[in-house]
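Chain by chain, the residues:
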Amino acid sequence: MKARNFVLLILLTVLGFVNISAQGFKGIVPLESTCADVKRILQVDDCSYPYSIFTFKDFSVDIHFSKEKSSPEDKWCYRVSPGTVRSLTVSYYKSIPMKEFEYDLKVKEGPFGDIKTTIYENRDKGVSVMTNRGLINTAVFVPTPKQHEKLAYECNSSLHKDHPSGQQ
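This section reports on the structure supplied with the text.

Conventions adopted
- Every residue gets a number counted from 1 within its own chain, in the order that chain's sequence is written.
- Reporting in this predicted model follows two pLDDT cut-offs: at least 70 for local features of residues, and 80 or more for side-chain atom pairs to be given and counted; totals over whole chains, interfaces and linings ignore these cut-offs and use all residues.
- Water and hydrogen atoms were dropped before computing side-chain values, which therefore reflect all heavy atoms in the structure.
- Only DSSP runs of H or I with at least four residues qualify as helices, and only runs of E with at least two residues qualify as strands; both kinds are numbered from the N terminus onward.
- Accessible area is worked out with a 1.4 Å probe on protein chains only. A residue is then buried under 20% of its type maximum, exposed over 50%, and partly exposed in between.
- Contacts between residues were defined by any pair of non-hydrogen atoms, one from each residue, lying within 4.5 Å.
- Residue exposure ignores everything except the shown protein chains as possible cover, and the areas themselves are Shrake-Rupley values with a 1.4 Å probe.
- What we call a nonpolar core is a set of buried Ala, Val, Leu, Ile, Met, Phe, Trp, Tyr and Cys residues that are connected through their side-chain atoms within 4.5 Å.
- The directions from the helix axis to the C-beta atoms form the arc being described.
- Two rings from Phe, Tyr or Trp (for Trp, the six-membered ring) form a pair when their centres are within 6.5 Å of each other. A pair whose planes differ by under 30 degrees is stacked, one over 60 is edge-to-face, and the rest are tilted.
- Any Lys or Arg side-chain nitrogen found within 4 Å of a carboxyl oxygen on Asp or Glu counts as a salt bridge.

What about the overall build of the protein chain?
Moving on, step 1. For the protein chain, the count of helices and strands is three helices and nine strands.
Moving on, step 2. Secondary structure elements of the protein chain, listed N to C terminal, follow the sequence α-α-β-β-β-β-β-β-β-β-α-β.
Moving on, step 3. Residue burial in the protein chain is summarised as follows: out of 168 residues, 39% are buried.
Moving on, step 4. When contacts within the protein chain are restricted to residue pairs at least 6 apart in sequence, long-range pairs at least 24 apart make up 53% of them.
Moving on, step 5. Here the protein chain displays about 10,800 Å² of accessible surface, and carbon together with sulfur accounts for 55% of that area.

Structure, rendered in structure tokens:
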């Protein structure tokens, strides 16, 4: 009986940790996922670089991938392989009530504009959403502060010597 309780405790701990550490959209995680992950998760045939748009029945997903070389307008580069997901934006065709969204969110900005748009975020998970009257219509997934601290550098302030490939 004690062994069963111990196994149950371990299982609950692991499941709780997995839920607490969840990040990204459907398993696509900025600075971790690649085109292969995107194709597997979203069941698409190919990715376009450095930017892909995928359209589905209920939403569209815009994905920015890391590039081989930075451009002058890039402020931040990341020490990841070219083709790694940098960020993604999900546009829902039917707005989602905030209570049904998988992340806990706090007000960041707003309401503003004639349609009372408010931006909410979960900074630790790298997600922010735009809402109208409490309904989410857009979610943006970016690197978390921990990922940014660990992997980011200013693109144009160095010769990219910190990146494994010598570039972004």
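Let's pick the thread back up.
Digging into the nonpolar core
Moving on, step 1. In terms of nonpolar packing, the biggest core is built from 26 residues, with Phe-25, Val-38, Ile-63, Leu-88, Tyr-92, Phe-101 and Phe-141 touching the most fellow members.
Moving on, step 2. Going through the elements one at a time, helix H2 (35-42), strand S2 (59-65), strand S4 (85-97), strand S7 (127-132) and strand S8 (135-141) are the ones with two or more residues in this core.
Moving on, step 3. Among the elements that line this core, the one with the most residues is S4, at five residues.
Moving on, step 4. The residues contacting Phe-101, other than those within four sequence positions of it, are Tyr-92, Ile-96, Val-127, Val-129, Ile-136, Ala-139 and Phe-141.

Some remarks on H2
Moving on, step 1. Buried within H2 we find Cys-35, Val-38 and Leu-42. Take H2 and look down its axis: the buried residues cluster within an arc of 55°, on one side only.
Moving on, step 2. On its buried face, H2 sits against strand S1 (51-55), S2 and S4.
Moving on, step 3. Directly after H2, the chain includes Gln-43, whose backbone phi takes a positive value near 55°.

Looking at the packing of aromatic side chains
Moving on, step 1. This model, assessed by the stated rule, comprises six aromatic pairs.
Moving on, step 2. Relative to Phe-141, the ring of Phe-25 lies with its centre 6.0 Å away and its plane at 45°, an arrangement referred to as tilted. Remark: Phe-141 occurs in strand S8 and Phe-25 occurs in the loop between helix H1 (2-20) and H2; sequence separation between them is 116 residues.
Moving on, step 3. Look at Phe-25 and you get buried, because its relative accessible area is 4%.
Moving on, step 4. Their ring planes at 45° and their centres at 5.2 Å tell us that Phe-56 and Phe-59 sit as a pair that is tilted.
Moving on, step 5. For Phe-59, a relative accessible area of 13% gives the class buried.
Moving on, step 6. Through a chain of ring-to-ring contacts, three or more aromatic side chains come together here, namely Phe-25, Phe-56, Phe-59, Phe-101, Tyr-103 and Phe-141.

Things to note about the side chain of Ser-87
Moving on, step 1. Along the chain, the position of Ser-87 falls in strand S4.
Moving on, step 2. Here Ser-87 falls in the buried class, since its relative accessible area comes to 17%.
Moving on, step 3. In this view, Ser-87 contacts Pro-30, Asp-62, Ile-63, His-64, Phe-141 and Val-142; residues no more than four positions away in its chain are not counted.

Here's the deal with the pattern of salt bridges
Moving on, step 1. This structure, assessed with the given rule, holds one salt bridge.
Moving on, step 2. Linking Arg-40 and Asp-37 is a salt bridge whose minimum nitrogen-to-oxygen distance equals 3.2 Å. Placement of the pair is Arg-40 and Asp-37 together in helix H2, with a separation of three residues, close to one helical turn.

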